[in-house]
Amino acid sequence: MAEVPLASNLHCSCVERLQLPEVGRDHVTWAHGRLFARPVTPVSRRELSTGGLSLFGPGPAGLVAEVSDQEPAEFIRGDLKGYWYPASAKPVRRLRDIWVDLGLLTLARASVTLQDGRLIAKGQALEVPAELGAPAEVVADIRGRRYGSDPRRASLPWRIRRGRLARTFVRAGIERTLS
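This section reports on the structure supplied with the text.

Cut-offs and rules
- Every residue gets a number counted from 1 within its own chain, in the order that chain's sequence is written.
- Reporting in this predicted model follows two pLDDT cut-offs: at least 70 for local features of residues, and 80 or more for side-chain atom pairs to be given and counted; totals over whole chains, interfaces and linings ignore these cut-offs and use all residues.
- Each side-chain value is worked out from all heavy atoms of the structure, with water and hydrogens disregarded.
- Where helices and strands are cited, they refer to DSSP runs of H or I of at least four residues and of E of at least two residues respectively, numbered from the N terminus.
- Our radius of gyration looks at C-alpha atoms and nothing else; its globule reference is 2.2 Å times the residue count to the power 0.38.
- A 1.4 Å probe rolled over the protein chains alone gives each residue an accessible area, and that area as a share of the maximum for its type sets the label: buried under 20%, exposed over 50%, partly exposed in between.
- Exposure was quantified through the Shrake-Rupley algorithm and a 1.4 Å probe, taking into account, for residues, occlusion by the shown protein chains and nothing else.
- For the purpose of counting charges, residues Lys and Arg are taken to be positive, whereas Asp and Glu are taken to be negative. His and the chain ends are not included.
- Charge positions are represented by NZ for Lys, CZ for Arg, CG for Asp and CD for Glu.
- Residues count as neighbours in contact if any of their non-hydrogen atoms are within 4.5 Å of one another.
- Note on aromatic contacts: the rings of Phe and Tyr and the six-membered ring of Trp form a pair at centre separations within 6.5 Å, being stacked when their planes are under 30 degrees apart, edge-to-face when over 60 apart, and tilted otherwise.
- Two strands are said to pair when DSSP picks up at least two bridges between them.
- Axis definition: a line fitted to C-alpha atoms, over the contacting stretch in the case of helices. Angles run 0 to 180 degrees between N-to-C directions.
- Remark: nonpolar core denotes a set of buried residues (Ala, Val, Leu, Ile, Met, Phe, Trp, Tyr, Cys) joined through side-chain atoms within 4.5 Å.

A word on the overall build of the protein
Piece 1. When helices and strands are counted, the protein shows 7 helices and 3 strands.
Piece 2. Across the protein, helices and strands are ordered from the amino to the carboxyl terminus as β-β-β-α-α-α-α-α-α-α.
Piece 3. For the protein, whose C-alpha radius of gyration is 17 Å, the value lies close to the compact-globule estimate of 16 Å for 179 residues.
Piece 4. With the C-alpha coordinates aligned to their principal axes, the bounding extent of the protein is approximately 50 × 45 × 25 Å.
Piece 5. Expressed as a percentage of its 179 residues, the buried residues of the protein come to 32%.
Piece 6. About 10,900 Å² of surface is accessible on the protein, with carbon and sulfur atoms providing 56% of the total.
Piece 7. Across the protein, 27 positive and 19 negative side-chain charges occur, with their mean positions spaced 7 Å apart.

Encoded structure:
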């Protein structure tokens, strides 16, 4: 990781071609700096089937199991309720940049998909939290760290404040989205 600093930001799943149609099967996944097993979600399958990029070999569109229009929405609701809402109750996580970023961006992406069925990238999702009433200073912090040129670590007082603001916003946003 030291030789390639951006490698820590890599998230990917390794799926054998013959196993792609097997919905729900766990595959080796690298995310958040560790290996684990998880299935290719309905959201990921929709992304792959509608815009997946192949660097070598055939594109994923004909290989990935089909996804109904309802499957991504059902998955998103379940993920918000079963994973993100309980995770947002753990304040210590909110001190970490990744939890602040993914909390707001996941909520933004989920809101857009549940509202009109579109899947948007994390970069596009940065425009959505402001529309949902997110604290502008937290959105600016995320934009600066993820897409800006200043990678400095935030001070502990700011990380505590930012974490509290993000946690409050994400919890309320999930409640609104699921109601």
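Anyway, onward from the coordinates.
Some remarks on the environment of Val15
Piece 1. Mapping Val15 onto the fold places it in the loop between β1 (12-14) and β2 (26-31).
Piece 2. C-alpha separation for the pair Val15 and Arg25, spaced 10 residues apart in sequence, amounts to 9.7 Å.
Piece 3. Leaving out residues up to four positions away in the same chain, Val15 has contacts with Leu20, His27 and Val40.

Comments concerning the packing of aromatic side chains
Piece 1. This model, assessed by the stated rule, comprises 3 aromatic pairs.
Piece 2. When the centroid spacing of 5.7 Å and the interplanar angle of 65° are considered together, the rings of Trp84 and Trp99 count as edge-to-face. With Trp84 in helix α2 (residues 70-88) and Trp99 in helix α3 (residues 97-116), this residue pair connects regions lying 15 residues apart in the sequence. The two residues Trp84 and Trp99 agree in class, both being buried.

Description of the sheet that holds β1
Piece 1. Reading across from one edge, β1-β2-β3 is the order of the 3 strands in this open sheet, with antiparallel pairing throughout. Strand pairing shows two members of the sheet lacking a second neighbour, β1 and β3 (34-39), which therefore form its edges. The average angle at which neighbouring strand axes cross in this sheet is 35°, direction not considered.
Piece 2. Across 3 bridges, the pairing between β1 and β2 is antiparallel. Across the sheet, residue Cys14 finds its bridge partner in β2, namely Val28.

A look at the nonpolar core
Piece 1. Membership of the largest hydrophobic core comes to 26 residues, with the highest contact counts inside it found for Leu80, Trp84, Leu104, Val138, Ile142, Phe169 and Ile174.
Piece 2. Where this core is concerned, the elements lending two or more residues are α2, α3, α6 (136-147) and α7 (156-178).
Piece 3. Broken down by element, the residue count for this core peaks at 9 residues, all from α3.
Piece 4. Apart from the residues within four sequence positions on either side, Ile142 is in contact with Val100, Asp101, Leu104, Leu126 and Tyr147.

What about the environment of Ala31?
Piece 1. With respect to the secondary-structure elements, Ala31 resides in strand β2.
Piece 2. It is 23 Å that separates the C-alpha atoms of Ala31 and Arg171, two residues lying 140 residues apart in sequence.
Piece 3. When near neighbours in sequence (up to four residues on either side) are disregarded, Ala31 contacts Leu10, His11 and Phe36.

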